[in-house]
Amino acid sequence: MCLLFCCYVLIIIIAAKGRTNGSLFDMSEQERMMEAEEYLKKYGYLPDIPETTSSPELLQTSPNFHEAVRLFQAYVGLEQTGELDNETLTFMESPRCGFKDFSSPGEDGEVLKYSTGTVSWPKNHLKYFIKEYSIKLRDEEVKEIFQDSFQQLWADVTPLSFAEVENEFDADIVIRFATRQHGDANPFDGLGRVLAHAWLPTSGRAHFDDDENWAGPTGYGKSLQQVAVHEIGHMLGMKHSSAPEAVMAPYFRSGRQYHISVLDEDDIVGIQSLYGAPTVSTTMTQFTTVSPVPNGACLDKVDAVTCSNVLQRCYVFNGPYCWSIEGVHRQVSIIDSVFLFSPSNVNAAFFSPSNGRTYILKGCYVYQYDENLNFVSRRRNSQVWQALPCSINAIFYSSNDGLTYAFKNSWVYAYNSGRLYGRIRIENLRWPNMPSELFTGIDAVSDVPPGGQFSDNFVYVFKGDHYYMMNRRTKFFSTDSYNVKGEIYTGCA
Ligand SMILES: [Ca+2]
Ligand SMILES: [Ca+2]
Ligand SMILES: [Zn+2]
Ligand SMILES: [Zn+2]
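Counting restarts for each chain, with residues numbered from 1 along the sequence as it is written. Chains and ligands are labelled by the order in which they are written, letters from A for the one and numbers from 1 for the other. The model is predicted, so local features are restricted to residues of pLDDT at least 70 and side-chain atom pairs to those at 80 or more, both for listing and for counting; the totals for chains, interfaces and linings are taken over all residues.

Some words on the UniProt feature "binding site: Zn(2+) 1" (unreviewed entry) in the chain
Here comes step 1: UniProt positions are given in the numbering used here, feature names are shortened, and annotations may be inferred rather than shown by experiment. UniProt records the feature "binding site: Zn(2+) 1" (unreviewed entry) at H182, D184, H197 and H207, using the numbering of this structure. A stretch of 26 residues holds the annotated residues, and the largest C-alpha distance among them is 12.0 Å, short enough that they meet in one place.
Here comes step 2: Numbered from the N terminus, helices here are DSSP runs of H or I no shorter than four residues, and strands are runs of E no shorter than two. With respect to the helices, strands and loops of the structure, H182 is situated in the loop between β4 (173-178) and β5 (194-198).
Here comes step 3: A pair of residues counts as a contact when their C-beta atoms, built from backbone coordinates, are within 7 Å of each other. When neighbours within four sequence positions are excluded, H182 is seen to be in contact with P187, F188 and H207.
Here comes step 4: Under the C-beta neighbour-count criterion, D184 is labelled exposed, with 12 such atoms within 10 Å. Counting other C-beta atoms within 10 Å of a residue's C-beta gives its exposure: the residue is buried at 20 or more, exposed at 12 or fewer, and partly exposed in between, where C-beta atoms are placed from the backbone.

This is how it looks when you write it as structure tokens:
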């Protein structure tokens, strides 16, 4: 008896579940037609007129319904059969953005690629605020993902710039993570299907479904970065694109497209139709005007260090200057008089013994120089190293294990050539005896002592006005730290 009763309860639960979130494949054909109609209305393929009472019989014979299916199939790149075949149903089941694909159905039956709203922001500097965080990721990680999504992709191809603020009233853009009913007309639907939605300018709102298993750049789950870049696109005025490779395509991509490191040509043309191309100041033909090198200038902190074993010379960067150190000789110069096109106040620099190149990183860009320090190229961080964020703190090549380590805030990214080998928190590096003040970030690292003894056994880690020594082989940190000012290469001694 109990067994029967329990089964009965279970069936009711399954049936009730099927009504709200069941698979299209498990439904009767009639239910499937009704669900598909809802879907096509929701995403703009069919007019959403409440008075029309549709029935599966009516739909089966309705030319509008089959036309809408055909339009949907064209949009997602399927054969236009006009029927709810398996490929079509699979797309309708896939995780996607909640924004409509068409705002007016049909649009002359023409399938556009990128499309934009008619309104863009009337200013180029926008402030955003994360009002509610995800329970799936640390706040700090969410902050970093949004910072990079704004800076690294959209700001790079437009005159737009972005800053995070800590107050809703100062913000143009407000971001929330929420589940189910959350105060607007589009409640979320639990795990899967709709992942997020956002509004066109100048509303400045984006909501992310926190029932999704959001993941950072190397975690398993749905890449928050991929969805964030897409929703930011909406908030800047972009609608959906039918170009399958576009960031503004409505469907979530798993696998190789997990983390977006460049916008598609389609997205770039679209966003530039609203805001134009970047202004000159972000391109590399800028003129630096800095005061002449001060006499007796000395370093109190270090932006970056790089040592070339081809030239047997190190460069230590601070503000607009770099100190060249070769044995006991040191010379101060303005950075771009040595490294053509390099900006000042660099983030990080290192020399790679595998190709003899020197790399200088600032913001989202990496400047490359050949073994004689001739300028080679300027590319995005993420084009050179997979998923490397903008504005890192430090980077160095470890001759011991052949990996390149890049540091940003409390994270370290390890690379095998350009491929991401792993990303962990600095405190989990298992480099014994590491001082805890380094867990929150470091300023610079050098595999060679800035004095230039190339056979030396230590790696030098800089933070503030101190540096620390780590054994190159054992990765064991010395207990003592040293004041940067006390050293010959700083010019302060
Ligand atoms: Ca969902
Ligand atoms: Ca630095
Ligand atoms: Zn969207
Ligand atoms: Zn919402």
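Still more ground to cover, so stick around.
Some details on unusual backbone geometry
Here comes step 1: Between P201 and T202 the backbone carries a cis peptide bond, its omega angle lying at 0°.
Here comes step 2: The residue T202 is located in the loop between β5 and β6 (205-209) in this model.
Here comes step 3: Phi angles above zero are rare outside glycine, and S391 is one such case at about 50°.
Here comes step 4: Mapped onto the fold, S391 is located in the loop between α10 (381-384) and β17 (394-397).

Examining the UniProt feature "active site" (unreviewed entry) in the chain
Here comes step 1: The feature "active site" (unreviewed entry), as given by UniProt, occupies E231 in the numbering adopted here.
Here comes step 2: Here E231 is to be found in helix α7 (residues 224-236).
Here comes step 3: Given 25 C-beta atoms within a 10 Å radius, E231 is considered buried.
Here comes step 4: Among residues more than four places away in sequence, those in contact with E231 are A196, A198 and A206.

What to know about the pairing of strand β3 (residues 161-164)
Here comes step 1: A pair of strands is considered paired only if DSSP assigns at least 2 bridges between the two. Summarising the sheet, strand β2 (residues 125-132) and β3 pair through 4 bridges and their orientation is parallel. Note that in β3 the partner of H125 across the bridge is S161.
Here comes step 2: Viewed with both strands pointing away, a crossover whose connecting path from the first strand over the helix to the second turns clockwise is right-handed. Following the backbone out of β2, through helix α6 (residues 139-154) and into the adjacent parallel β3, one traces a crossover that is right-handed.

Concerning the environment of D447
Here comes step 1: With respect to the helices and strands, the residue D447 is situated in the loop between β21 (444-446) and β22 (458-463).
Here comes step 2: The contacts of D447, once residues within four sequence positions are left out, are C307, F396, Y397, S398, S399 and V459.

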